[in-house]
Amino acid sequence: MIVTKDSTKTYRERENFDISCNFLLDNSWFASTVAGYQRNIELGLLRRFREGGGVGYRLIQNHKNAANISTGFVVNQEKSFSGVSTNNIEWLITGNYHFFSFNKPEISFSTSQSMFTSLTQKGRIRFDGELNVTWVIITDFSFNLNFYHNYDSKS
């Protein structure tokens, strides 16, 4: 969440909440469900609720790395700041990678990249990306960097 406050007003510029559940089918394959909420002033998005599901494949799983890809379909309900409401069905492709080290230095790196291709709005493509780095310098003190990117061809 990004909130900005000046002397007269508080602005909720960006909000993002996702919850997902993966069901392991075997050592590599999984079924997945997702639900989420987004708000993004830059894209003119007052709110977006989405829910969906799909399947995924674990590419890497070891003591320092985890990576997977997944695909499926999501339904979203959007409302813009101008009051326009839409319902969309989208094909979703997601890639996730996570590196972690619990030895000195204690560091973690993760990225999640998602592409949404609309099946109900011709030519619409959305992209949500996130990159996080955390470095524990001393116990209970860490350095964190978080970057994100959101794109919508027809926001």
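Here the structure is a predicted model, which is why all the values come from computation and not from measurement.

1. Points about the packing of aromatic side chains
- Going through the model one piece at a time under the given rule, you end up with 4 aromatic pairs.
- Over the ring of phenylalanine 116 we find arginine 126, and its NZ or CZ is 4.0 Å from the ring centre.

2. A word on empty space enclosed by the protein
- One pass over the full model with this rule turns up 1 cavity of 30 Å³ or more.
- Estimates place the volume of the largest cavity at around 70 Å³.
- Taken together, Arg14, Glu15, Asn16, Gln38, Arg39, Asn40, Leu43, Leu45, Arg48, Arg126, Asp128 and Asn150 make up the full set of residues lining the largest cavity.
- Of all elements in the fold, only strand E2 (10-24), strand E3 (29-40), strand E4 (45-61) and strand E8 (125-138) reach the threshold of two or more residues within the lining of the largest cavity.
- Its residues assigned to classes, the lining of the largest cavity comprises 2 nonpolar, 4 polar and 6 charged.

3. Quick notes on the pairing of E4
- Bridge analysis of E3 against E4 gives 11 bridges, and the strand direction is antiparallel. The residue of E4 that forms the bridge with glutamine 38 is arginine 48.
- Hairpin connection of E3 to E4: 4 residues between the antiparallel strands, including glycine 44 at a positive phi of 75°.
- Two successive antiparallel strands, E4 and strand E5 (residues 65-80), enclose a turn made up of 3 residues.

4. Details of the layout of surface pockets
- Estimates place the volume of the largest pocket at around 700 Å³.
- Forming the boundary of the largest pocket are 34 residues, of which Arg50, Thr94, Asn96, Ser112 and Ser114 lie nearest the centre.
- Listed by contribution, the elements that provide at least two residues to the lining of the largest pocket are E2, E3, E4, E5, strand E6 (85-101), strand E7 (106-118) and E8.
- By residue class, the composition of the lining of the largest pocket is 7 nonpolar, 22 polar and 5 charged.
- For the second largest pocket, the calculated volume is near 190 Å³.
- As for the second largest pocket, its lining consists of 15 residues, of which Glu78, Ser80, Thr86, Lys154 and Ser155 are closest to the centre.
- A class-by-class count of the residues in the lining of the second largest pocket yields 3 nonpolar, 6 polar and 6 charged.

5. A short note on the environment of asparagine 22
- In this structure, asparagine 22 sits in strand E2.
- The sequence separation of asparagine 22 and valine 3 amounts to 19 residues, and the corresponding C-alpha distance is 31 Å.
- Look past the residues within four positions of asparagine 22 in its chain and what remains in contact with it is Phe30, Ala31 and Ser32.

6. A closer look at a nonpolar patch on the surface
- Taken together, the side chains of Phe73, Val75, Ile89, Trp91, Ile93, Met115, Leu119 and Ile125 make up a nonpolar region of the molecular surface, amounting to roughly 670 Å² of accessible area.
- Mapped onto the nonpolar patch, the elements with two or more residues apiece are E5 and E6.
- Ranked by residue count, the leading element in the nonpolar patch is E6, at 3 residues.
- Counting through the fold element by element, leucine 119 comes out in the loop between E7 and E8.
- According to the relative accessible area criterion, leucine 119 is exposed, its value standing at 52%.

What counts and what doesn't
- Residues numbered from 1 in each chain as written.
- Predicted model: local features only at pLDDT ≥ 70, side-chain atom pairs only at ≥ 80, totals over all residues.
- Heavy atoms only, no water.
- Phe/Tyr/Trp six-rings, centres within 6.5 Å; stacked < 30°, edge-to-face > 60°.
- Lys NZ or Arg CZ within 6 Å of the ring centre and 35° of its normal.
- 1 Å grid on protein atoms, 1.4 Å probe; cavity = no way out; pocket = protein on both sides within 12 Å on 5 of 7 lines; lining within 4 Å.
- Points joined across faces, edges and corners; volume = space filled by probe spheres on them.
- Helix = DSSP H or I, 4+ residues; strand = E, 2+ residues; numbered from the N terminus.
- Nonpolar A, V, L, I, M, F, W, Y, C, P; charged D, E, K, R; others polar.
- Pairing = 2+ DSSP bridges.
- Contact = heavy atoms within 4.5 Å.
- Patch = residues over 30% accessible without salt bridge, like charges linked within 9 Å, V, L, I, M, F, W, Y side chains within 5 Å.
- Areas by Shrake-Rupley, 256 points an atom, 1.4 Å probe, with all protein chains shown as cover.
- Salt bridge = Lys/Arg side-chain N within 4 Å of Asp/Glu carboxyl O.
- Buried < 20%, exposed > 50% of the residue type's maximum accessible area, 1.4 Å probe, protein only.

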